[in-house]
Amino acid sequence: PAALHVVGKDILRFHAVYWPAFLMAADLPLPKRVFAHGWWTIDGEKMSKSVGNVIDPLQLVEQYSVDATRFFLMADVTFGADGDFSHEKMIYKVNANLANEVGNLCQRTLMLVFKNCGKAVPCEVGPYTQDDEKLLRSAGALHAKTAEAISSQAIHKYVE
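Residues numbered from 1 in each chain as written. Predicted model: local features only at pLDDT ≥ 70, side-chain atom pairs only at ≥ 80, totals over all residues. Heavy atoms only, no water.

What follows covers the sheet that holds strand E3 (residues 40–42). Strand order in this open sheet of three strands is E4-E3-E5, and the pairing throughout is mixed. Looking at strand neighbours, the two that pair on one side only are strand E4 (45–46) and strand E5 (83–85), the edges of this open sheet. With three bridges connecting them, E3 and E5 associate as parallel partners. Pairing of Trp 40 across the sheet is with Gly 83, part of E5. (Pairing = 2+ DSSP bridges. Helix = DSSP H or I, 4+ residues; strand = E, 2+ residues; numbered from the N terminus.)

It is worth spelling out the state of the cysteines at this point. Scanning all chains against the criterion turns up zero disulfides. Cys 106 takes part in no disulfide bond, and the closest cysteine sulfur, belonging to Cys 117, lies 16 Å away. Between Cys 123, a free cysteine, and Cys 117, which holds the nearest cysteine sulfur, the sulfur-to-sulfur gap is 11 Å. We classify Cys 123 as exposed; its relative accessible area is 80%. (Disulfide = S-S within 2.5 Å. Buried < 20%, exposed > 50% of the residue type's maximum accessible area, 1.4 Å probe, protein only.)

The next point concerns the pairing of strand E1 (residues 4–8). Where a strand is regular, its side chains alternate between the two sheet faces. Relative to strand E2 (residues 33–37), E1 runs parallel, the two being bridged by five bridges. Within E2, the position partnered with Leu 4 by the bridge is Arg 33. With helix H1 (residues 12–25) bridging E1 and its parallel neighbour E2, the resulting β-α-β unit is right-handed. (Right-handed = clockwise from strand over helix to strand, strands pointing away.)

A few words on the side chain of His 5. Structurally, His 5 is set in strand E1. Within the local environment of His 5, its side chain forms a polar contact with the side chain of His 15, the two groups lying 2.9 Å apart. (Polar contact = N/O pair within 3.5 Å; in protein donor to acceptor, adjacent residues only side chain to side chain.)

Here it is, written out as structure tokens:
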């Protein structure tokens, strides 16, 4: 059986009431959970093929990169809620979080290595300090924390 059945919120009743009844009548296993995702709008308007305002994710990848697109789709809207897309929001989110925050972290880390480690990542490491141990424990706890976020469809927390 499916561990998770993800459906659009407009068809939740069918998939949460009727579909399980069909499965039970056929003596088939039920999904363990049903999760309804929200709608994506574009500039405040519901996306529609007939209106012609749909967003092709492949075009987003081509324009912004696969990493930037993944980050935006995971980080911008709480999964399950409605969200609004605009190219301006995408550019802002990617610049603010990926370019500025992650870029700043990389720059600071590289400068620390440059200044304090002879301009190279050390090959041999001495005994860990209390701060090292604390950092390693914190990093070790991330797996459980992110796994919980993913299993509860709190994808936006995964990228925080």
